[in-house]
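Notes for the structure review
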Amino acid sequence: MRPIRARIDSGALRHNLGVAKRRAPRSRSWAVVKANAYGHGLARAAKALAAAEGLALIELEAALELRRSGERRPILLLQGFYAPEELEPIAAQGLAVVVHDAEQLAVLEKAQLPKKLAVYAKLNTGMNRLGFPGKEFRDALERLRACAGSITLMTHFADADGERGVRWQLARFDAAAGGAKLPRSLANSAAILRYPETHADWVRPGIMLYGCSPFPDESAEKLGLKPAMTLSSELIAARSLSAGDSVGYGCTFTADGPVRVGIVACGYADGYPRHAPTGTPILVCGKRTRTLGRVAMDMLFADLTGIPEAAIGSPVTLWGEGLSADEVATSAGTVSYELLCALSPRVPVTETD
Ligand SMILES: *Cc1c(COP(=O)(O)O)cnc(C)c1O
């Protein structure tokens, strides 16, 4: 069997939720499990995240699957519904929905539901993606009071992990919603970790649960987070290059002297980013080295300089324990979110507690 594996550490998921809860001790948590729990497996993550008061995701099908498997906690659909016929299963399964625009609101008003839904009324405070504009929010809330079972006020931050921070959006939120005495939910991982003033009634941790940092300038380790996914494989070949020899498609790396390279059974069809350039960190035999050349569909190259013990069968860590996905992502010009979500279905998953 091909040696690539993703190991999911349930203990790390539990630990990271504990970090979120200690940072926001007065808030309840929607554990964000969209995109198959950021690639970690929905059912597995829901089980490990038993201490979360609710689960939040995007995909109705996945929410229904959770209910079928006996999940009783509140489940929040972060984009609400896309078509009127989705309201029936949503109501039947008691799912909470985000309502973010006038069209959704009109559909909800017209629907004949056996039980009114818990609604998260989303305000656009600057992300300019989803959410009612500030000047329409009061009116939307009035209408929701008539057709929703409960209302929670919600917004999403555009730069809680960056320079601009959250103050400008908080000010807009207060201006549009200030008077309304309703529960609130604002904070993603970055805001949970950096801006206690955003915690409110419900927080929405995502990436931090999976042990990655939302910040470009602060590591997951420093935040006390543990990687929940370790992607590992083995060397399936090794060879020595002489000066002038190159490796892989496009011959993008050429040796300027003798160098030993290992061929790793992992490629972009496994979810490893093809755009990771020469120099991307990788562990061989637990030692940190670098990738060489272009990532192929099923293989990539590792520099074995300084790792004389490396041979066919030697263990390789692509990311996870010992090498943060954040570092690999940065080298590849992306974020850990994308690496985790992109884990391919062809990679066998194992689980540890
Ligand atoms: C994905 C998502 C989150 C979680 O964000 P992280 O940065 O992963 O913590 C929170 N809220 C909403 C609306 C989201 O879509």
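For the structure itself, consult the block above.
Residues numbered from 1 in each chain as written. Predicted model: local features only at pLDDT ≥ 70, side-chain atom pairs only at ≥ 80, totals over all residues. Heavy atoms only, no water.

Considering the pairing of strand 6 (residues 118-122)
Both faces of the sheet carry side chains from a regular strand, because those side chains alternate between them. Most of strand 6 is tucked away, with four of its five residues classed as buried. Examined bridge by bridge, strand 5 (residues 96-99) and strand 6 share three bridges and lie parallel to one another. Considered in strand 6, the bridge of V98 is made with Y120. Regarding the hand of the β-α-β motif, the stretch spanning strand 5, helix 6 (residues 102-110) and strand 6 is right-handed. Relative to strand 7 (residues 150-154), strand 6 is paired through five bridges, and the arrangement is parallel. Residue pairing for strand 7: Y120 is matched across the bridge by T152. Remark: the strand 6/helix 7 (residues 134-147)/strand 7 crossover connection has right-handed handedness. (Buried < 20%, exposed > 50% of the residue type's maximum accessible area, 1.4 Å probe, protein only. Helix = DSSP H or I, 4+ residues; strand = E, 2+ residues; numbered from the N terminus. Pairing = 2+ DSSP bridges. Right-handed = clockwise from strand over helix to strand, strands pointing away.)

A word on the packing of aromatic side chains
For the coordinates displayed, the defined rule picks out six aromatic pairs. On the numbers, 5.7 Å between centres and 75 degrees between planes, the contact of W30 with Y120 is edge-to-face. Here W30 is found in strand 2 (residues 28-32), whereas its partner Y120 is found in strand 6, with 90 residues between them in sequence. Y120 carries the same exposure label as W30, and that label is buried. A centroid spacing of 6.4 Å and a plane angle of 50 degrees characterise the contact between F132 and F137, whose relative ring orientation is tilted. We classify F137 as buried; its relative accessible area is 0%. A network of ring pairs unites the aromatic residues W30, Y120 and W202 as a single cluster. Against the face of W168 rests R164, its NZ or CZ located 3.6 Å from the ring centre. The ring centre of F215 lies 3.6 Å from the NZ or CZ of R194, which sits over that ring. (Phe/Tyr/Trp six-rings, centres within 6.5 Å; stacked < 30°, edge-to-face > 60°. Lys NZ or Arg CZ within 6 Å of the ring centre and 35° of its normal.)

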